[in-house]
Amino acid sequence: MKKIIYLLAAFACSGSAWAADTTAVINSGDTAWILVSTLLVLMMTIPGLALFYGGMVRKKNVLATMGHSFSAAAMVTVVWVIVGYSLAFGDGGLWLGDMSKLLLEGITTDTLSGTIPEVLFAIFQMTFAIIAVAIISGSVADRIKFSAWMVFMALWVLIVYAPVTHWVWAPTGWLFAEGALDFAGGTVVHINSGVAGLVLAYMLGKRIGYGRESMAPHNLVLSVIGASLIWIGWFGFNGGSALAANGSAAYAIMTTQVAAAAATLSWLFFERILHGKASILGAVSGAVAGLVVITPAAGFVDIKGALIMGLIGGAVCLWGTNGLKRLLKADDALDAFGLHAVGGIVGAVLTAVFASEMIMGRQIDLIPQLVTQIEGVVAVMIYSAIMTFIIAKVIDITIGLRVGDEEERMGLDLSQHGERVE
């Protein structure tokens with residue numbers, strides 16, 4: 001995540017928020033804010049996403065589904081500190097970082113990244129990697145082997161997430177050099193994970209009884225609580241991406257709140273028209289849609305732009321989780337693609353449309369920026385899809401991706417973990 005001041009410098013590669021700076025002085029206010037933001041972003045996954053997803057599956061799979069998010073926090077942490085951070089933010093070249101920061105080599109308590117300790121930047125970025133992986137689990141709920149999920153997470157962070165992060169947020173990355181705008185991860189996190197989820201959904205196949213049996217959420221109370229924690233945590237996700245306790249962070253929080261609220265109302269409005277009732281599941285899904293849509297734009301657009309983006313995002317993601325889902329014929333169990341990939345695409349494109357000269361301090365040329373945004377979206381979608389397919393295929397050939405039919409009917413709580421919720 002690059003600090004807004006460096007983005008204003010025409011995306012020059014001479015400085016970045018993450019690079020160690022021996023001349024900078026630590027700012028206690030900035031450091032305190034990113035410490036808090038790190039906690040908020042981690043809360044988005046555990047317990048936020050764990051509850052959000054856990055409430056939407058059938059009772060026999062609730063522990064397994066929540067366990068996917070919890071295990072993501074563990075696996076990604078270890079992989080990230082060993083080599084993931086270095087691949088993402090090591091100097092490297094256009095496509096990938098190097099091994100200079102292996103096991104956070106050279107990062108001490110005195111090493112700075114802008115005005116905050118680099119070790120803090122590393123863990124802040126870690127929380128983004130964690131939730132990116134956890135989002136994917138929504139597409140594979142009810143039918144993936146736990147062992148396969150653990151191996152997939154480790155490989156996906158290294159082969160897919162770290163390179164894409166380098167492209168977009170490292171000054172040596174090719175999309176950074178192109179001038180792609182992604183304030184807090186619309187491309188890096190949401191498009192990336194949503195596309196990966198769709199690929200896995202295709203490879204796993206549909207759940208037994210899909211389209212014939214009821215697969216209604218077993219406890220929407222959990223989902224509402226989870227979505228509420230995600231909404232609150234998103235202030236750290238977007239506001240923290242300014243990497244400073246300043247007006248940019250405050251404005252990003254305001255655009256985040258406005259977009260989430262607007263998308264909630266938009267989703268409920270169109271759901272009422274289409275289905276006759278406005279559901280609570282629709283309300284929380286709309287909020288998440290708005291949060292996703294504003295993510296790439298939070299530090300670049302004004303309030304008007306955030307409002308319009310939220311209204312558009314709620315409507316488009318409603319279509320993404322219904323009409324588009326039917327067209328794709330994939331069993332994306334908890335709509336990771338319809339919410340995150342579709343929302344991320346909409347947000348990335350609209351960032352060029354609504355980028356504000358008042359906020360950014362310079363005029364954005366619409367058509368060139370739009371081309372750059374679309375270039376980034378397409379590149380990440382293609383790379384994520386191909387590499388996810390390869391990773392999943394290797395796992396399927398070796399240890400297998402999907403549980404057996406009997407294990408699936410029994411429920412993953414019991415068949416994978418030997419536990420159940422009474």
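Rules and cut-offs
Residues numbered from 1 in each chain as written. Predicted model: local features only at pLDDT ≥ 70, side-chain atom pairs only at ≥ 80, totals over all residues. Heavy atoms only, no water. Helix = DSSP H or I, 4+ residues; strand = E, 2+ residues; numbered from the N terminus. Expected span 1.5 Å × (residues − 1). Bend = angle between axes of the 7 residues up to and from the residue. Buried < 20%, exposed > 50% of the residue type's maximum accessible area, 1.4 Å probe, protein only. Contact = heavy atoms within 4.5 Å. Polar contact = N/O pair within 3.5 Å; in protein donor to acceptor, adjacent residues only side chain to side chain. Patch = residues over 30% accessible without salt bridge, like charges linked within 9 Å, V, L, I, M, F, W, Y side chains within 5 Å. Areas by Shrake-Rupley, 256 points an atom, 1.4 Å probe, with all protein chains shown as cover. Salt bridge = Lys/Arg side-chain N within 4 Å of Asp/Glu carboxyl O.

Even after reading the chapter, I still don't get helix α8 (residues 220-239), so can you show me in this structure?
Residues that lie three or four places apart on an α-helix share one face, since the helix turns once every 3.6 residues. In a regular helix each residue adds 1.5 Å, so 20 residues correspond to 28 Å; α8 covers 28 Å between its end C-alpha atoms and thus fits that length. Where α8 bends most, at G233, the angle is about 30°. Turning to α8, its buried residues number three or more, namely S223, G226, A227, I230, G233, W234, F235, G236, F237, N238 and G239. In the core, the buried residues of α8 are packed alongside α2 (28-54), α4 (118-136), α7 (186-204), α9 (247-275) and α10 (280-294). Where α8 begins, the side chain of N219 points an oxygen toward the backbone nitrogen of V221, at a separation of 3.1 Å.

Help me out: how do you make sense of a nonpolar patch on the surface in this one?
Judged by side-chain polarity, I374, V378, I382, I386, F389, I390 and V394 come together as a nonpolar surface patch covering roughly 590 Å² of accessible area. Of note, I374 is situated in helix α15 (residues 366-398). Using a relative accessible area of 40% as the deciding quantity, one classes I374 as partly exposed.

I tried to follow the pattern of salt bridges on my own but got confused; where do I start?
A side chain of one charge can pair with a side chain of the opposite charge if their charged atoms are brought near each other. In the structure shown here, the tally under the stated rule is six salt bridges. For D142, the salt bridge is made with R58, and the minimal N-O distance between the two is 3.2 Å. On the criterion of sequence distance, the pair formed by D142 in the loop between α4 and α5 (146-169) and R58 in the loop between α2 and α3 (62-89) is long-range, its members being 84 residues apart. Residue R58 is classed as buried on the basis of its relative accessible area, which comes to 13%. Its salt-bridge partner being D142, residue R207 comes within 3.1 Å of it at the nearest N-O pair. Taken together, the residues span a long stretch of sequence, with R207 in the loop between α7 and α8 and D142 in the loop between α4 and α5 at a distance of 65 residues. Its relative accessible area of 9% is what places R207 among the buried residues. Connected through shared salt-bridge partners, R58, D142, R207 and D331 make up one network.

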